[in-house]
Amino acid sequence: MLLRHTTKEIKEREALTVNPAKTCQPIGAMYAALGIHGCLPHSHGSQGCCSYHRSTLTRHYKEPVMAGTSSFTEGASVFGGQANLLAAIDTLFTVYNPDLIAVHTTCLSETIGDDLNQIIGKAKEEGKIPEGRRVIYANTPSYVGSHVTGFSNMVEGIVRGLPEKSAAKNDTLNIIPGWVEPSDMREIKRMAKEMGVPVTVFPDTSGVLDSTMTGHAEMYPKGGTPVADVVASGASKHTLALGHFASEAGAKALEVKCGVPYTALSLPIGISATDRFVQALSDLSGKPVPESLADERGRLVDFITDMQQYFWGKRVALWGDPDQLVSLAEFLTDIDMRPVYVVSGTPGKAFDERISKVLKGVPEAKVKNGASADMFLMHQWIKNEKVDLLMGNTYGKYIARDEATPFVRVGFPILDRVGHSYMPTVGYAGAIRLLEKILNALLDHKDATCPETQLELVE
Amino acid sequence: MSTAILDKRRRQVATVTDGKAAIDCAKPSLAGAVSQRACVFCGSRVVLYPIVDAVHLVHGPAGCAAYTWDIRGTVSSGPELHRLSFTTDLREKDVIFGGAEKLERALRELIARYAPRAAFVYATCIVGVIGDDVDSVCRKIAAECGIPVVPVRSEGFRGSKKDGYAAACDALAQLIGTLEPDGPVPPFSINILGDFNLAGELWILEEYYRRMGVHILARITGDGRVDDIRKAHHAKLNVVQCSGSMTYLARHMEATYGVPFKQISYFGIEDMSAALYDVAAFFKEPALHAKASELVREEVTRLLPMLEFYRERLSGRKAVIYVGGAFKTISLIKALRLIGIETVVCGSQTGRPEDYETMAGLCNPGTIIVDDSNPVELSTFARERGADLFIGGVKERPIAFKMGMAFCDHNHERKLPLAGYEGMKNFAEEVYGSVMTPVWSFVRRDTGRAVSPKPPMGGVS
């Protein structure tokens, strides 16, 4: 019933988006800010923005999400939001006692032209920012880019606000992990530790949005990158930006501000991208890849070898965010699957260039991003020629049901399943988890739908 | 009282003494407070969303459409157009040059593709600031396409969620009275206002009314149809639930079409029964009253013994109620009492002074009443009062759980109907399940109450 509205015939749409494959910048900024310990994100706009972002993050992480709002009124939208933000900064420090406030804008405050730098300066002059505390900010107009842009902009805001320049560099590597799950950030730290490489990962939402059940409601859970570590990141010898779309701008800003050179890599999802990440860690630190990581890789390759017959030639539809899509598509081609449809609401030519490179061997692939690249279009493509597997966020569940197609949930948001907070998809271990999910989805589907004579005990 | 209250909010928190509590409400939120409230758009969107054969076009950046895409478990018995997400996805160039023209094209594409019975166009914050003339676009497209195209003045900054309810009512008022019924309207015809058919609740109520011999003309808005709403002015009575969202429309219909209204609630035995009796009393028809009594007797006789099971086991437990609308808080206080649970903290995002007076009258001395509260206050009060159970919505759930409190979602994400007699049973079951779940024996709770110790290893100590 729900999707009988989707027609096979595809017409170019210019003005209308149906079932968007993206959301707006501020939620990304809020997520990034939560990755600094003791940081309270603040939404400079109407109350609804903050409420929606908190609700969506809560639905995805099943965790409390704290953030303030400037609670714009009609007056603020006419006269500017300065008074609201000044009052908010005062209230937040007085009542919630954060180490740091990370303000992001909304379409409203951007359009009326509030100058955050100036307002925060005024707050400082007026003594509203207590000694030793900080207020950082990012401009995140909702009508530019997508939630990924917002994440990237807040990472840049963190870099603009916190790291201090140091002539002497130490052995630490900075890692900007991109918009990945808390479990992924934890895994990235584990891999670095396994190699004996000292790292500062920021933002780091592990321990914040996968916090333990303690019987206490904590305003600031124990995780997140300590402010002091981010400040010290200006003295690190190198930065690894994981994900060109979410992380590179921040790494570049750190290079400009503090002279820390950077390397941008794909998100370490899948075997090739993880190899490059591990190699980069080794090259930059001068440390060899330990046997333990080589073994993890070996187990992954073993899995692929054992189960190759099930992956070969399967057609896959992918949607979500650019960094995830590029790495996932590469991984799928590595295991001989065919990512034939790729949709991202996040605009920009850079995505097209990157994904085209990865999909060189899949000439039948269709890719669309930006305006009208939505779940409706994805469904139309599938109606025209079916796929064997769907991979993306929860919004694919309508298509999965309508087309009776196996579905693996990856990306953001996942509103109807759990696991992503606890188990990573990055690294070799993450790749094994992804493969298990893919294989189980395909085999469960086969077992549920194949003729009885073909139901096999052993696969 | 606790130090967790923001100074400027002191008057929005009160403790009940002698059945009274002086409280300030209906105020804009304090800037910087971690408020649980939402905006005008949110209020309009949730009220109009359940109209299932209309298209709902969000004129603004994609975010406002993405966050409200199919998040309300409101069920349709027919079309499901409302579950799709439509947006003009305004970009920077639209913000600079205006989005009216894009809106026009989007509406044409949308109406041609889906042939809806009406279109609602939601103005978001940005539209209010750049000044698109949404009204004239709607008029133009309505004339061109021959269906109602209704602008919803839901710019987020124009107030709180409650102002959004009013904007939605204004939009509905534009529809009502624009279509005449084909034949005579049955004598005992009512409109149901303010039930959104979450988890199919409206269907339970419809069945009760059907058994009484009452005809439902328009469902506003749960499982709603545009044409029914257009004819709604022919009802004899508006039965209004969710006082916050729909009283405004009921008043308008009374003034414009002379349709009187009654405010009722469908949660808990007392309120549900009163809702049926009130309708019977309005029509002054003995047969209706007799059927209502029979129905109530039958349902209550079946329900009470089932509730006794839960009452025995839940007696003495304490609850926090924090939901959007105050009418719901009031019903919940009574419903909880039926299963032996005392309410120790209660409040709402958008209550009126009279709502808070009613709450104070229902609660024991010492109960804390809050208006437009926030996580810090709520968790502090819950801890201070030793609560076992929290009833709220999506943002409150993880806070309650982290504190080791049971939780029941009485908001959009309820999975079972909670209205009517059937709903009361579901409610008791859900509360019981969460209060008694063994997971609480694995964690030290923050709320002071000792947890029944469970020996490790499944009873083998």
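Basis of the calculations
- Residues numbered from 1 in each chain as written.
- Chains lettered and ligands numbered in written order.
- Predicted model: local features only at pLDDT ≥ 70, side-chain atom pairs only at ≥ 80, totals over all residues.
- Helix = DSSP H or I, 4+ residues; strand = E, 2+ residues; numbered from the N terminus.
- Rg over C-alpha atoms; globule rule 2.2 N^0.38 Å.
- Buried ≥ 20, exposed ≤ 12 C-beta atoms within 10 Å, placed from the backbone.
- Contact = placed C-beta atoms within 7 Å.
- Domains from an automatic or database assignment.
- Nonpolar A, V, L, I, M, F, W, Y, C, P; charged D, E, K, R; others polar.
- Pairing = 2+ DSSP bridges.
- Right-handed = clockwise from strand over helix to strand, strands pointing away.
- Expected span 1.5 Å × (residues − 1).
- Axes fitted to C-alpha atoms, helices over the stretch in contact; angles between N-to-C directions.
- Core = buried A, V, L, I, M, F, W, Y, C linked by C-beta atoms within 7 Å.
- Parallel < 35°, antiparallel > 145°, perpendicular 65-115°, else oblique.

J.: For this particular structure, what's the right way to read the overall build of chain A?
T.: For chain A, the count of helices and strands is 17 helices and 14 strands. A compact globule built from 459 residues would reach a C-alpha radius of gyration of about 23 Å, and chain A, at 23 Å, matches this within 12%. Overall, the C-alpha framework of chain A stretches about 75 × 55 × 45 Å when taken along its three principal axes. Counting all 459 residues of chain A, 59% fall into the buried class. Taking as baseline every contact in chain A between residues at least 6 positions apart, the subset at least 24 positions apart corresponds to 72%.

J.: Would you mind showing me how to read the overall build of chain B here?
T.: Broken down by element type, chain B carries 17 helices and 14 strands. For chain B, the C-alpha radius of gyration of 23 Å lies close to 23 Å, the compact-globule estimate for 461 residues. The dimensions of chain B, computed from C-alpha atoms along their principal axes, are 75 × 60 × 45 Å. Relative to its full complement of 461 residues, chain B shows a buried share of 61%. Across chain B, every contact between residues at least 6 apart in sequence was considered, and the portion connecting residues at least 24 apart equals 73%.

J.: Honestly, unusual backbone geometry in this entry has me stumped. Any pointers?
T.: Note on backbone geometry: most residues besides glycine have negative phi, and most peptide bonds are trans. With an omega of -10°, the peptide bond running from F202 of chain A to P203 of chain A counts as cis. That bond from I220 of chain B to T221 of chain B is cis: its omega, 10°, falls within 30 degrees of zero. In this structure, T221 of chain B sits in the loop between strand 7 (215-220) and helix 9 (226-230). Located in the positive-phi region is S372 of chain A, a residue other than glycine, with phi close to 60°. Note on placement: S372 of chain A falls in the loop between strand 12 (366-369) and helix 15 (375-384). The phi angle at N197 of chain B is positive, at roughly 55°, despite the residue not being glycine. Here N197 of chain B shows up in the loop between strand 6 (189-193) and helix 8 (201-212). For N197 of chain B, a count of 27 C-beta atoms within 10 Å translates into the label buried.

J.: Help me understand the domain arrangement of chain B, please; the structure alone is not making it clear to me.
T.: Where interface size is given, it is often the accessible area lost as the parts come together that is meant. Residue and element names in this part refer to chain B. Segmenting chain B into domains produces domain 1 (7-33 + 304-442), domain 2 (40-174) and domain 3 (189-297). Here domain 1 and domain 3 have C-alpha centroids that lie 26 Å from each other. Taken residue by residue, the interface counts 22 residues in domain 1 and 20 residues in domain 3. Looking at which element gives the most residues to the side of domain 1 that touches domain 3, the answer is helix 13 (residues 326-338), with 8 residues.

J.: Looking at this structure, how should I read the interface of chain A and chain B?
T.: Residue-level contacts link 61 residues of chain A with 63 residues of chain B. Mapped by element, the contributors of at least two residues to the side of chain A that touches chain B are strand 1 (17-18), helix 2 (47-61), strand 3 (68-69), helix 3 (74-79), helix 4 (82-96) and helix 5 (107-112) of chain A. Residues that form the side of chain A that touches chain B fall into these classes: 28 nonpolar, 24 polar and 9 charged. Looking at chain direction, strand 1 of chain A and strand 3 (residues 86-87) of chain B are connected through 2 bridges and run antiparallel. Across the sheet, residue T17 of chain A finds its bridge partner in strand 3 of chain B, namely T87 of chain B.

J.: It is not clear to me how the pairing of strand 6 of chain B should be interpreted in this structure. Could you clarify?
T.: Along any regular strand the residues' side chains alternate between the sheet's two faces. Residue and element names in this part refer to chain B. Summarising burial for strand 6: 4 of the 5 residues are buried, a large majority. By the bridge criterion, 5 bridges tie strand 6 to strand 7 in an arrangement that is parallel. Bridging across to strand 7, L193 finds its partner in I220. Viewed along the sheet, the connection from strand 6 through helix 8 into strand 7 turns out right-handed. Pairing geometry for strand 6 and strand 8 (residues 237-240), over 4 bridges, is parallel. Among the inter-strand pairings, I190 is bridged to a residue of strand 8, identified as L237.

J.: Mind showing me how you'd approach helix 2 of chain A here?
T.: Helical geometry: 3.6 residues make up each α-helical turn, so side chains three or four residues apart lie on a common side. All names here are of chain A. Relative to the 21 Å expected for 15 residues at 1.5 Å per residue, helix 2 spans 21 Å between its end C-alpha atoms, a close match to the ideal helical length. Of all 15 residues that make up helix 2, 15 are buried, and the element is covered over most of its length. At the exit of helix 2 stands K62, carrying a positive phi of roughly 55°.

J.: Sorry, what's going on with the sheet that holds strand 13 (residues 389-392) of chain A here?
T.: In any sheet, the strands associate via hydrogen bonds between backbone groups, in a parallel or an antiparallel arrangement. All names here are of chain A. The 5 strands lie next to each other as 12-11-10-13-14, forming an open sheet whose pairing is parallel. Of all the strands in the sheet, the pair left with one neighbour each is strand 12 and strand 14 (407-409). Mean inter-strand twist for the sheet, computed between neighbouring axes without regard to direction, equals 15°. As paired strands, strand 11 (residues 338-344) and strand 12 are joined by 4 bridges and run parallel to one another. Note on strand 12: the bridge partner recorded for S344 is N369. Taken strand by strand, helix 13 (residues 322-334) contacts strand 10 (315-319), strand 11 and strand 13, and its axis lies near 175° from that of strand 11.

J.: I'm lost on the domain arrangement of chain A in this one. Help?
T.: Residues and elements named next belong to chain A. As far as domains go, chain A holds domain 1 (25-161), domain 2 (173-285) and domain 3 (291-454). The C-alpha centroid of domain 3 is placed 24 Å from the C-alpha centroid of domain 2. Contact residues are listed per partner, giving 29 residues for domain 2 and 29 residues for domain 3. Those elements giving two or more residues to the side of domain 2 that touches domain 3 turn out to be helix 8 (182-195) and helix 11 (271-285). A total of 9 residues in the side of domain 2 that touches domain 3 trace back to one element, the largest contributor, which is helix 8.

J.: Where do I start with the nonpolar core in this structure?
T.: Note that soluble globular proteins tend to have their nonpolar side chains buried in a common cluster. Residues L57, A119, F120, V121, I369 and L389 of chain B are the most contacted members of the largest nonpolar core, which totals 299 residues. The residues contacting V121 of chain B, other than those within four sequence positions of it, are L57, H59, L103, V134, C138, V149, V150, P151 and V152 of chain B.

J.: Whenever I open this one, the environment of F376 of chain A confuses me. Can you help?
T.: All names here are of chain A. Relative to the helices and strands, F376 is located in helix 15. Considering only alpha carbons, one finds F376 and T17, 359 residues apart in sequence, at a separation of 8.3 Å. The residues touching F376, leaving out its near neighbours within four places in the chain, are T6, V18 and N19.

J.: What is the right way to look at the sheet that holds strand 3 of chain A in this model?
T.: Residue and element names in this part refer to chain A. One open sheet accounts for 4 strands, arranged 3-2-4-5; its pairing is parallel. Whereas interior strands pair on both sides, the edge strands pair on one side only; in this sheet they are strand 3 and strand 5 (134-138). Across the sheet, helix 7 (residues 147-161) lies against strand 4 (100-105) and strand 5, angled at about 140° from strand 5, the strand it touches most.

J.: Sorry, what's going on with the environment of R117 of chain B here?
T.: All names here are of chain B. Looking at where R117 falls in the secondary structure, it is placed in the loop between helix 4 (100-114) and strand 4 (118-123). Taking the C-alpha atoms as reference, R117 lies 37 Å from K27; in sequence the two are 90 residues apart. Sequence-distant contacts of R117, that is, excluding residues within four places in its chain, are made with D53, A54, I147, V226 and D227.

J.: Got a minute to help me understand the packing of helix 11 of chain A against helix 13 of chain A in this structure?
T.: For any two helices packed against each other, the geometry comes down to the angle between their axes and how far apart the axes lie. Residue and element names in this part refer to chain A. Between helix 11 and helix 13, the least distance of the axes is 7 Å, while the angle of their chain directions is 115°. The orientation of helix 11 with respect to helix 13, classified from their angle, is roughly perpendicular. Across the interface between the two elements, I271, S272 and A273 of helix 11 pack against S327, E330, F331 and D334 of helix 13. For the contact of helix 11 with helix 13, the class distribution of residues is 3 nonpolar, 2 polar and 2 charged.

J.: Just to check I follow, could you spell out helix 15 of chain A for this structure?
T.: All names here are of chain A. Taken across its 10 residues, helix 15 has 7 buried, putting it largely inside the fold. Along helix 15, the residues classified as buried are M375, F376, L377, M378, H379, W381 and I382. Each element contacted by the buried residues of helix 15 is listed here: strand 1, strand 10, strand 11, strand 12 and helix 16 (397-403).

J.: Just to check I follow, could you spell out the packing of helix 13 of chain A against helix 14 (residues 349-358) of chain A for this structure?
T.: Residues and elements named next belong to chain A. Two elements in contact, helix 13 and helix 14, have axes separated by 9 Å at closest approach and are oriented at 10°. Relative to helix 14, the element helix 13 lies roughly parallel. On helix 14, the residues touching P322, L325, V326, A329, E330 and T333 of helix 13 are F351, R354, I355 and V358. Here the contact of helix 13 with helix 14 is built from residues that sort into 7 nonpolar, 1 polar and 2 charged.

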